[in-house]
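Chains, contacts and geometry: an overview
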Amino acid sequence: MIEITDADLEFVGIKKKPWVVDSIKNIDPFHPSNKENFSLSAHFCHITCGPYNQDVMANAAGKKGAGKSYSTIELARCCAVRTAIIIDNDESKWKDYFDVERNMAVMNMDKMIDILTANEKHQVIISDDAGTIIGARKWHSEDNQLVNDVLVVNRTNNNIYFS
């Protein structure tokens, strides 16, 4: 097996991200030392709950029926659990950070705008079937421009956005 070091990455011009907590010491993703290293929810929460005042935006793309919605909901739940552990030291408070009724808009621009303008920190937000409401064909619409503006300004809310 080949191991890529920080020096190797620096040589090719890839800088280590500030939110990377530890270098990978073992390339086996199932090794106990990699418990946090090969997890999207851990990676996203290190960014949003860390000292760098950042948010995360991630898009799921695939064919109809591929499981994008279910995968995104489960990833959102995992992020909320990790956020509750990091912020509250209490896994049971995860619904404070993600609730399907409160934090998810399904093909509904008005609800998405309400969610984004709620101004709550560390929320996990899903816009399901976002392509139907925030599409390239409607890029110039007032609602679409408002959502884009809110996403830019909301960076300091340390939210995780999935679409």
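Attention here is on the structure that accompanies the text. Keep in mind the model is a prediction, meaning the values are calculated, not measured. (Residues numbered from 1 in each chain as written. Predicted model: local features only at pLDDT ≥ 70, side-chain atom pairs only at ≥ 80, totals over all residues. Heavy atoms only, no water.)

A few words now on helix α5 (residues 109–116). If you check which residues of α5 are buried, you get M109, M112, I113, I115 and L116. Projected onto a plane normal to the axis of α5, the buried residues spread over an arc of 160° and lie on a single side. When the buried face of α5 is taken as reference, the exposed residues oriented beyond 90 degrees from it are D110 and D114. (Buried < 20%, exposed > 50% of the residue type's maximum accessible area, 1.4 Å probe, protein only. Helix = DSSP H or I, 4+ residues; strand = E, 2+ residues; numbered from the N terminus. Arc of directions from axis to C-beta.)

All right, on to the environment of I73 then. Here I73 is to be found in helix α3 (residues 68–88). What makes I73 partly exposed here is its relative accessible area of 26%. On a C-alpha basis, the gap between I73 and D128 in space is 9.5 Å, while along the polypeptide they are 55 residues apart. The residues contacting I73, other than those within four sequence positions of it, are F98, M104 and I126. (Contact = heavy atoms within 4.5 Å.)

All right, on to unusual backbone geometry then. For N89, which is not glycine, the phi dihedral falls at a positive 55°. Its location among the elements puts N89 in the loop between α3 and α4 (100–103). Look at N89 and you get exposed, because its relative accessible area is 69%.

So, about the pairing of strand β3 (residues 124–128). Counting buried positions along β3 yields 5 of 5 residues, so the element is predominantly enclosed. With burial as the criterion, each face of β3 is covered, one bearing V124, I126 and D128 and the other bearing I125 and S127. Each parallel crossover has a hand, and the one from strand β2 (residues 104–106) via α5 to β3 is right-handed. As judged from the 3 bridges shared by β3 and strand β4 (residues 160–162), these two strands associate in the parallel manner. From the neighbouring strand, V124 faces β4, where its bridge partner is I160. (Right-handed = clockwise from strand over helix to strand, strands pointing away. Pairing = 2+ DSSP bridges.)

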